[in-house]
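A look at the structure
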Amino acid sequence: MDRRHAGQSHLDRRRRLHQAQRQQHLHPALPLVHHEGRLDLWHQHRIAYDWKNKQWSVPINVTVGKLIKVGNRPISLTGGLRYWAESPDTGPKDLGFRFVVTFLFPK
């Protein structure tokens, strides 16, 4: 048995499972890749609907990435924007930004 749930009754575990199942999730993604310049563009949603509270969470994500070389070292640069088209009253709002640098170590 999982240690996190030791001491919980069967009914407690069923309640927790039921709470986790009250949401529906959709994850459509549309990758657009430009091979000549190695520019990648992603458009992605992680839509969720909470059946109990009747609330939507609809973030819209757009991400752009580019593979560059500094000397002989490949580096992936990625930047993204997230807009919350719909969210619960206590959920996230407005815009979010993201920037990622990934150092690659090919064999």
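Attention here is on the structure that accompanies the text. (Residues numbered from 1 in each chain as written. Predicted model: local features only at pLDDT ≥ 70, side-chain atom pairs only at ≥ 80, totals over all residues. Heavy atoms only, no water.)

1. Here's the deal with the overall build of the chain
Applicable threshold: Strands here are runs of E lasting at least two residues and helices are runs of H or I lasting at least four, both read from the DSSP assignment and numbered beginning at the N terminus. In this scheme, a residue with accessible area under 20% of its type's maximum is buried, one over 50% is exposed, and one in between is partly exposed, where area comes from a 1.4 Å probe on protein chains only. By definition in these notes, contact holds between two residues if any of their heavy atoms fall within 4.5 Å. Accessible surface area values rest on a Shrake-Rupley calculation with a 1.4 Å probe, where residue burial reflects the displayed protein chains alone.
Along the backbone of the chain there are one helix and seven strands. Among the 107 residues that make up the chain, the fraction classed as buried is 18%. Sequence-distant contacts, at least 24 apart, represent 34% of the contacts inside the chain between residues at least 6 apart. Looking at the chain as shown, the accessible area adds up to about 8,900 Å², and 56% of this sits on carbon and sulfur atoms.

2. Some thoughts on the packing of aromatic side chains
Keep this limit in mind: Only the six-membered ring of Trp is used, alongside the rings of Phe and Tyr, when aromatic pairs are assigned; centres must lie within 6.5 Å, and planes under 30 degrees apart are stacked while those over 60 apart are edge-to-face, with the rest tilted.
Considering all chains together, one arrives at two aromatic pairs under this definition. Judged by centre distance (4.8 Å) and plane angle (85 degrees), the ring pair of Y49 and W51 falls under edge-to-face. In this structure Y49 comes out as buried when scored by relative accessible area, which is 14%. On the basis of relative accessible area, W51 is assigned to the exposed category, the value being 52%. Plain terms: the ring middles of Y49 and W56 are 4.6 Å apart, the flat faces sit at 50 degrees to each other, and that makes the pair tilted.

3. Things to note about the layout of surface pockets
What counts, and what does not: Only protein atoms enter the calculation, which uses a 1 Å grid: trapped sets of points that fit a 1.4 Å probe without letting it out are cavities, open sets showing protein on both sides within 12 Å along at least five of seven lines are pockets, and any residue with an atom within 4 Å of a point is a lining residue. Grid points are joined across faces, edges and corners, and a volume is the space filled by probe spheres set on the points. Residues are grouped as follows: Ala, Val, Leu, Ile, Met, Phe, Trp, Tyr, Cys and Pro are nonpolar; Asp, Glu, Lys and Arg are charged; all remaining types, including Gly, are polar.
When its volume is computed, the largest pocket comes out at roughly 220 Å³. What lines the largest pocket is simply Q44, R46, N61, V62, T63, T78, G80, L81, R82, G96, F97 and R98. Residue assignment for the lining of the largest pocket shows that the elements contributing at least two residues are β5 (55-70), β6 (73-86) and β7 (95-103). Broken down by class, the residue content of the lining of the largest pocket amounts to three nonpolar, six polar and three charged.

4. With respect to unusual backbone geometry
At K54, a residue that is not glycine, the phi angle is positive and equals roughly 55 degrees. Positionally, K54 belongs in the loop between β4 (47-50) and β5. Positive phi values are uncommon outside glycine, yet D94 reaches one of about 65 degrees. Residue position: D94 is located in the loop between β6 and β7.

5. Focus on a nonpolar patch on the surface
Spelled out, the test is: Think of a patch as exposed residues, more than 30% relative accessible area, with no salt bridge, where like charges cluster within 9 Å and nonpolar side chains (Val, Leu, Ile, Met, Phe, Trp, Tyr) cluster within 5 Å. For this analysis, a salt bridge means a side-chain nitrogen from Lys or Arg found within 4 Å of a carboxyl oxygen belonging to Asp or Glu.
Taken together, the side chains of L39, L41, V62 and V64 define a hydrophobic patch exposed on the protein surface, amounting to about 260 Å² of accessible area. Within the residue set of the nonpolar patch, elements represented by two or more residues are β3 (39-45) and β5. Relative to the helices and strands, L39 is located in strand β3. Looking at L39, the relative accessible area reads 38%, which means it is partly exposed.

6. Notes on the environment of D89
One can find D89 in the loop between β6 and β7. Looking at D89, the relative accessible area reads 67%, which means it is exposed. Along the primary structure D89 and Q55 are separated by 34 residues, whereas in three dimensions their C-alpha atoms are 8.9 Å apart.

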